[in-house]
Amino acid sequence: MTTIGILHPGDMGSVVGACAVAAGARVLWASDGRSAGSRERAAAAGLEDARTVAAVVAASDVIVSVCPPHAAIDVARDVAGRRFAGLFVDANAVAPVTAREIGAIVEAGGATFVDGGLIGPPPRNAGSTRLYLSGREAKRAAAFFESSALEAIAIGDGPGAASALKMTYAAYTKGSSALLMAIRALAASEGVDDALLAEWRRSQPDLPKRSEAAARDNARKAWRFVGEMEEIAATFEAAGLPGGFHEAAAVIYARLADYKDAATPPSMADLVAPLTRRPKA
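Scope of this entry: the structure provided in the associated data block. (Residues numbered from 1 in each chain as written. Predicted model: local features only at pLDDT ≥ 70, side-chain atom pairs only at ≥ 80, totals over all residues. Heavy atoms only, no water.)

## Digging into the environment of E230
Looking at the element boundaries, E230 is found in helix α10 (residues 222-238). As for E230 and A250, which are separated by 20 residues in sequence, their C-alpha atoms are 6.3 Å apart. (Helix = DSSP H or I, 4+ residues; strand = E, 2+ residues; numbered from the N terminus.)

Written out as structure tokens, the structure is:
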């Protein structure tokens, strides 16, 4: 039985771990310093608590990193510092250049690196979510999720390809959501929100619902998207394209950070005030 360590199982990571359990793996996580919510998610997913990261790394054949983008390099350094010599799968929303940096870190510590990118919601239902993988051991990594709700797809031998796909996909999905919220906030601040919605219903009939969904579905997770937008901006700039679109999206999501773990999803009307606040002089 393959032993997989998940660092660190939030809403997405816990369900990814559950998929590996369903595919026949033993899956470990480290509860030290983690919240009660993390403990509940891990228990519900059938993950085994090894208590510490050191214990997870020592017992695992494979490490899968699923964390906020800003923490991805730190997780890699921690694992590399423990001389992990197994397969390290980075499944975070990071730029290709960041993915290759992570690969260099873990391979210097003795691991084999596989680049990954998750597209879709936490994979509770088959067909909802893909884990794209690239690197020389991408096909081996994909096999750890075979016959589970998570569809793992190897797309190339070069590290960075899976991250590039994730960045280009999220550039539209989360980038357009940020743009829609900003447009609605601007319209409300100028007193033309009702008129804009009326025009959209005539000429862009999907946008009223999409803008409300952007607020409802993203505000409570916005704190996670700040780093992702910054990684997307870096990806654009590395290709010679302007990164300003997604730097602005990062600011939009940062202004919604107070909605983290809110009991009730906000409406678009709720977001006008936090989105239109002026920076302090």
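Having put the structure on the table, let's press on.
## Some thoughts on the pattern of salt bridges
Tallied over the full model, the rule gives 13 salt bridges. Ionic pairing is found between R124 and D11, a salt bridge with its closest N-O pair at 2.8 Å. Pair noted here: R124 is in the loop between β6 (112-119) and β7 (129-134) and D11 is in helix α1 (residues 11-22), with a separation of 113 residues, a long-range link. Residues participating in the shared-partner salt-bridge network are K166, K174 and E228. (Salt bridge = Lys/Arg side-chain N within 4 Å of Asp/Glu carboxyl O.)

## Quick word on the side chain of E231
Take E231: it is sitting in helix α10. No salt bridge is formed by the buried E231, whose closest oppositely charged neighbour, R100, lies at an N-O distance of 10 Å. Setting aside chain neighbours within four positions, we find E231 in contact with P69, A93, V94, A95, T98 and M167. (Buried < 20%, exposed > 50% of the residue type's maximum accessible area, 1.4 Å probe, protein only. Lys, Arg positive; Asp, Glu negative; His and termini not counted. Contact = heavy atoms within 4.5 Å.)

## Some details on the pairing of strand β8 (residues 150-156)
Pairing of β7 with β8, which is carried by 6 bridges, proceeds in the parallel orientation. Residue L133 lies in a different strand from β8, and its bridge partner there is A154. In the classification by handedness, the crossover that spans β7, the intervening helix α6 (residues 138-143) and the parallel β8 is right-handed. (Pairing = 2+ DSSP bridges. Right-handed = clockwise from strand over helix to strand, strands pointing away.)

## A closer look at α10
Compared with an ideal rise of 1.5 Å per residue, which puts 17 residues at 24 Å, α10 spans 24 Å between its outermost C-alpha atoms and is within 8% of the ideal. Within the span of α10, buried status applies to A222, F225, V226, G227, E228, M229, E231, I232, A233 and T235. Buried positions along α10 lie against α5 (96-108), α7 (161-189), α9 (207-218) and α11 (244-254). (Expected span 1.5 Å × (residues − 1).)

## What to know about the sheet that holds β7
Judged by pairing direction, the sheet is mixed, and its 8 strands sit side by side in the order β3-β2-β1-β4-β5-β6-β7-β8 without closing on themselves. In this open sheet, the two strands that pair with only one neighbour each are β3 (48-49) and β8. As judged from the 5 bridges shared by β6 and β7, these two strands associate in the antiparallel manner. The residue of β7 that forms the bridge with G116 is L133. Across the face of the sheet, helix α4 (residues 72-81) comes into contact with β1 (3-7), β4 (62-65) and β5 (87-90) while running at roughly 170° to β5. (Axes fitted to C-alpha atoms, helices over the stretch in contact; angles between N-to-C directions.)

## Examining the side chain of S148
Mapped onto the elements, S148 comes out in the loop between α6 and β8. You can call S148 buried: its relative accessible area is 17%.

## Description of the packing of α7 against helix α12 (residues 268-275)
Axis separation between α7 and α12 bottoms out at 9 Å; the angle between their running directions is 80°. One element, α7, and the other, α12, form an angle in the roughly perpendicular class. Taking contact as the criterion, the partners of M181, R184, A185 and A188 in α7 are, on α12, M268, L271, V272 and L275. Looking at the contact of α7 with α12, its residues break down into 7 nonpolar, no polar and 1 charged. (Parallel < 35°, antiparallel > 145°, perpendicular 65-115°, else oblique. Nonpolar A, V, L, I, M, F, W, Y, C, P; charged D, E, K, R; others polar.)

## Quick look at the packing of aromatic side chains
Scanning the entire structure with this criterion turns up 1 aromatic pair. Here F225 and Y253 contribute two aromatic rings whose centre-to-centre distance is 5.2 Å and whose plane-to-plane angle is 80°, an arrangement assigned as edge-to-face. Residue F225 is located in helix α10, and its partner Y253 is located in helix α11; the two are separated by 28 residues in the primary sequence. Judged by relative accessible area, F225 falls into the buried class, the value being 6%. On the basis of relative accessibility, which here comes to 0%, the residue Y253 falls in the buried class. The ring of W223 is capped by K260, whose NZ or CZ atom sits 4.1 Å from the centre of that ring. (Phe/Tyr/Trp six-rings, centres within 6.5 Å; stacked < 30°, edge-to-face > 60°. Lys NZ or Arg CZ within 6 Å of the ring centre and 35° of its normal.)

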